[in-house]
Structure formats: C-alpha cells, structure tokens
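# Report on the structure
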Amino acid sequence: MNNNKTWWKESVVYQVYWRSFYDSDGDGYGDLEGLIQKLDYIRDLGVDIIWLNPVYESPDKDNGYDISDYEAIMPKAGTMDIWERLLSEVHARGMKLIMDLVVNHTSDRHPWFLESRSSRDNPKRDWYIWRDGKNGEPPNNWRSYFSPSAWEWDEATGQYYFHSFAVEQPDLNWKNPELRREIYRMMRFWLDKGIDGFRLDAIALLAKPEGFPDAENPEDIRYLTNNPGLHDYIREMNEQVFRHYDIVTVGETAFVSPEEGLKFVGEDRKELNTLFHFEVCDEMPAWDMLRFKEIQRRWYKVLWGKGTNSQFLNNHDHTRQVTRYGNDGPYRVQSAKLLATMLHTLPGIPYIYQGEEIGMTGVRFDSIDQYNDIAMKNRYDEEVRKGRDPQEVLQSLQALSRDNSRTPMQWNDSLHAGFTTGTPWINVNPNYKEINVEKDLSDPNSIYRYYQKLIELRKKHEVMVYGDFEELPEWMEDKHLYVYTRTLGDTRWLIVLNHSDEPSSMRLPSDYPASALQLLLSNYPENEADTDDRIELRPHEARIYAIRRA
Ligand code: TEU
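Given the structure is predicted, the values throughout are model-derived calculations rather than measurements. In this convention, every chain numbers its residues from 1, walking through the sequence in written order. Local features in a predicted model are, by the rule used here, given only for residues with pLDDT of at least 70; side-chain atom pairs are given and counted only at 80 or more, and totals for whole chains, interfaces and linings are based on all residues. Working from all heavy atoms in the structure, the side-chain values ignore hydrogens and water.

Bringing the overall build of the chain into the picture now. For the purposes of this entry, the term helix denotes a DSSP run of H or I that reaches at least four residues, the term strand denotes a run of E that reaches at least two, and both are numbered from the N terminus. Check the secondary structure of the chain and you find 15 helices and 20 strands. With C-alpha atoms as the basis for the radius of gyration, the globule rule is written as 2.2 Å multiplied by the number of residues raised to the power 0.38. Computed over its C-alpha atoms, the radius of gyration of the chain comes to 24 Å, within 12% of the 24 Å expected for a compact globule of 550 residues. The principal-axis extents of the C-alpha atoms in the chain amount to approximately 80 × 50 × 50 Å. For every residue, the accessible area (1.4 Å probe, protein chains only) is compared with the maximum for its type, and the residue is labelled buried under 20%, exposed over 50%, or partly exposed between those bounds. Taken over 550 residues, the chain has a buried fraction of 61%. In these tables, accessible area is a Shrake-Rupley quantity obtained with a 1.4 Å probe, and a residue counts as shielded only by the protein chains included in the view. Counting only carbon and sulfur atoms, one obtains 47% of the accessible surface of the chain, whose full area is about 21,000 Å².

Structure (structure tokens):
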C-alpha cells in the first residue's frame, strides 16, 4: 500500500483538448471562453483535475506543441485575461488545473530559435542542437517521430539542427545551463499564477547521447529517449521548481519499462509525481487481454508502495478506447462502461479524455485532405513518396491516426453537434446524432451517469486509491475475464470484467460465495440467472463487489 496519502493520488483527471471542446465565438475552433462555459459539465462528472493541452502562442503546426511564446496565450484559444478567469472559475468549482508544458522543443518561430539560427556565434546558438554534416549528409541516420531524418539543413549557417518531431519543432539543448535556468523561470511564471501542476510533454527525450552515434535500426526511435543525464535534468527541475509548490507533475514518458518508470516517479527520487507509460497505447495495437494483464502485473509489482502510476487508454494522440480496445458497435455502451470500470479500479490515477465519458468513437475520413494531424500527413507523404498506393497508405494510417480522438466534442444533435456555429476546424464524427452529451444527460443509464457513479465510489472508498491489487489465480490466464481484488485494511472489493462479445458463466471463488458479495456497481441490471455459486456475465459486463466481512 502507498503509505503517503496526497490529494493528487486521490484525484481523477479530465483532459481537455480545448480546440475540439467548445467554440464560443464561431471561428470553428474551441476556445478558453467555451471551456469556461462548460466547466459545470466537467465539475458535475466529479473529476478533480483538468489537464489543459497547450494554449501558448504557437504557429500551430502541431496543434500547440510547437510553442513560440511560453508566456502568451494563442489568440485562437483566447487571451491571458480569459485564461486567468478560467483558472479562477476552475478553482471556484473546487477543481484544479494542470498545464501541458513542452520543454523538449520549441517552435522554429520562437525568438530563441530565430536568434540561434541567425549565426554560429549568436549567444543562443547553443540553446539548440547544431552539428556539421558528414560528407554532405546529416550527422547521423536517426529519423524523428514525424520525418525520415531528425536533422534539418540550415543553409544560412551551413549546419544541421536536431528535431525529435517535426522540422518546425527544433529540440532545445538541455546541456546548456542558461537554457535550463530560463525554463525554470518560465515554469515559476505559471506556478506563481496559481496552477496546480504540469503534464510534461515528451519529458523522456530531454537528454541526447554524446556524439549522436548512428543507430543500428533507424526505424526503432527509442534512441530518442531515456539517454544518460536525463534524470539529472529532471531532478534539478524538481529542486529548482517543483518541490517549492503544492502541485502534481505527470511525465509523458515514452518507451519506459516499469524499472525505468520508477526512476521518474519513485517518491525517494524527488523527480516527478506520476507518469504515463506507453506499453499499451504505443505497443499494443489492438485489445489483447493477456498482454494487458501482464503489463498491469509488471507495473504494479515494481511501482506499488514506491511510486504512482496512471491509467488511461486514450488521449489526443491515441484513438478512442471504445473503438480501439472495446466494442463501438452493438455493445458500445456496455463496453465503454467496462473499460471505465477497469481503468478506475486498477491501481493508478485514472484519466478521462474528453468525450470518453459519453462513449465517443474513432472516425474514418475518406481522404487525406480531411485529416489535420501533422504526424499522419507527414507519414502519408513519406510512404506515398516511396511509391506505395495512396489509398492503401491512407487505409493503413486511419486506425491509429491521432485525429480519431481530435474530432469535436459532441454536445447535442444540432448542426456540428453543437460544437460551433461556424465551420469546425476538423469534421465532426457523423455519429453525433446518436452519441452526444445532451442524450447522455437525459438518460439515467448513460455512460456519463455511470462515470459519475464510478467517480463517486472513489470519493467514498479509499480502497480504490490505496488498496492492494491482486488477481485471482484461477482467471489470470483467461482471455476475456479479468478478476481481481483491491484490499485496504478490512475492506476488500472484488472486480469482475467480462471483456468479450460473448456471455460468460463464471463459478464464484470459494472464498467469495454470493452471500459474501455486495454489488456496488454494474453496467447491467441484476441477473436473475445468478446462483449462489455462479454468476452469469453478459457481453462486456462489469461488476464491482464489496466483500462482506465474515
Ligand atoms: O507526444 C509525444 C509522443 O509522440 C511520444 O513521446 C509518445 O511516446 C507517444 O508516442 C505518444 O503516444 C507528445 C504530444 O502528446 C503530441 O501531441 C505531440 O505531437 C508531441 O509530444 C510533440 O510535442
């Protein structure tokens, strides 16, 4: 059990991708004013923390993850005054606000980079990573997340600069102490305004290896992450900034194992509070219950009692969980509730990505022109340039396109799902007439109402936060049934999940006969077919039981 109790360990986080959340001025983009107008909706869900995707000044090549001024608000989103009002309104509702912060790279239009690229002896040259080419080629054979090479030639000064993502996102040189000091000052600028923490973007990429050696396999881009010196930077960040505030920090840590993850979040490490790992979303393309159980087992074994994990199955980079990892067809409602039950009863802080709470689904656009995501468009161009059939390339990219999760929030069944009175920046998912907030709010058995009950349970029962996790051995190798307990002191809960389109008849564990079970929450009505020693689980049925003490 994690002994040190804190507010952020007990929290549920709601992620707002503001540009797709609610458009208050009809320009087709969501905005901060629109978010303010919908805060009661978020508060009524019962969540504690709002994670706001980047709203800083940006040319918007990567939807705000290319920052050109860390201390100004992108006009598309609003103004600093509106942002101040947002923070105040979030706090007035008893919620907290964490900001998404991108310090691995800036926009190529950031003044720092404009100075750095202006000449080889500019004082800010070393704030970025510049290298000579090799025989007219880039310094090494690395690719980036978004392009075939991680190096971009700069004619003016006859050198290449390094970018882990798009050409328009040059990496900062974290070896430079002056740069680090400036980043820490900027962090304090936001913390002194009263925010409650940061989601730290691509934080595992800050350190680069000496000499930039060639990679054996340039396509396996983990060489971008977890390089020597990384934890020195994060520890210094904590010493200089984080530990001086009552905040939560969550690292987006690519390619980490549980052992590496513990280096970021071990409470004795004094680096970050919690993390997102990607052993599921980056490395498990489709649902695989046995693999998912094994991942959960390993992370629990290494972290529990030492550091805090997070639980999520979708976000603005990963397609909607009910489509990718559940059933978005005939069992969409039950499946969305089952996935929610799983994420909120497994050990770790649960994250809700906007629209997940009404079971929004992934999307399929017919042409590449309807997609916006730079990652997808760059990859499409790269593959078509290799001579592959464009339609086949499009189909190969659709399922995991980041735009699947970026279609506008579906508020009601009016034009553009009530998201905007203008033309939405990206098409609304055509199923908005069936799937929308208004419909869910009017239905006592909706997914939204189920999320409310799940979150309410967490508020009332610490076992969901601090309880030890244990799978029942009999079902550990079951491909569909996930059966585990959470135990805190005398309180023990039994969670039973039937992740399948088929029903499943389950013999109750001898320790837990029906007479010992008190049903706390389920996504189906009670089943008359249940007996004293067997329960009849319907497709995608989830149940949370309290075990009555003998
Ligand atoms: O994503 C970072 C990213 O793509 C990887 O580090 C991560 O392992 C995983 O692949 C994401 O699923 C962040 C932002 O979330 C993304 O929207 C930005 O495009 C990117 O950084 C660059 O800032």
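Further notes follow.
With respect to the helices and strands, Leu32 occurs in helix H1 (residues 32–37). The exposure class assigned to Leu32 is buried, which follows from its relative accessible area of 0%. Along the backbone, Leu32 and Arg534 are 502 residues apart, and their C-alpha atoms lie at a distance of 51 Å. Contacts are assigned to residue pairs with any non-hydrogen atoms lying within 4.5 Å of each other. Every residue in contact with Leu32, bar those within four places of it in the chain, is listed here: Leu52, Val55, Ile73, Ala77, Ile82, Trp83 and Leu86.

This brings us to helix H4 (residues 111–118). Where H4 is concerned, the buried positions are Trp112, Phe113 and Ser116. The buried residues of H4 occupy an angular sector of 90° when the element is viewed end-on, so they sit on one face. Each element contacted by the buried residues of H4 is listed here: strand S4 (69–73), strand S6 (130–131), strand S8 (159–162) and helix H5 (177–191). By construction, the arc corresponds to the directions joining the helix axis to the C-beta atoms.

Note on terminology: near, applied to a residue and a molecule or strand, indicates that one of the residue's heavy atoms is within 4 Å of it. Close to the ligand lie 18 residues, the nearest being Asp62, Asp201, Asp317, His318 and Arg402. Taking Arg199, its side chain carries an N or O atom lying 3.0 Å from an oxygen atom of the ligand. If the ligand stood free it would expose 500 Å²; the protein chains cover 96% of that surface. Polar here means any residue other than Ala, Val, Leu, Ile, Met, Phe, Trp, Tyr, Cys and Pro, which are nonpolar, and Asp, Glu, Lys and Arg, which are charged; Gly is therefore polar. Its residues placed into classes, the shell around the ligand shows six nonpolar, four polar and eight charged. Throughout this description, a polar contact denotes any pair of N or O atoms lying within 3.5 Å of each other; where both atoms belong to protein, one of them has to be capable of donating a hydrogen while the other can accept it, and for residues adjacent in sequence the pair is counted only when both atoms sit in side chains.

What follows covers unusual backbone geometry. A positive phi angle is found at Phe212, which is not glycine, with a value near 50°. Here Phe212 is to be found in the loop between strand S9 (197–200) and helix H6 (230–240). A positive phi angle, close to 50°, is found at Lys270, a residue other than glycine. Mapped onto the secondary structure, Lys270 falls in the loop between helix H7 (258–265) and strand S11 (274–276). Take Lys270: its relative accessible area is 47%, and that puts it in the partly exposed class.

In this text, buried Ala, Val, Leu, Ile, Met, Phe, Trp, Tyr and Cys residues form a nonpolar core when linked through side-chain atoms within 4.5 Å. The biggest cluster of nonpolar side chains holds 132 residues, and the ones touching the most others in it are Ile42, Leu52, Trp83 and Met187. Counting 20 residues, the second-largest nonpolar core is a separate cluster that includes Trp142, Ala166, Ile221 and Phe255.

On to the environment of Ile544. Turning to its location among the elements, Ile544 is positioned in strand S20 (residues 542–547). For Ile544, a relative accessible area of 0% gives the class buried. A sequence separation of 49 residues divides Ile544 from Ile495, and the C-alpha atoms of the two residues are 4.7 Å apart. Setting aside its immediate chain neighbours within four residues, Ile544 contacts Thr341, Thr345, Leu454, Leu457, Trp493, Leu494, Ile495, Gln518, Leu519, Leu520 and Leu521.

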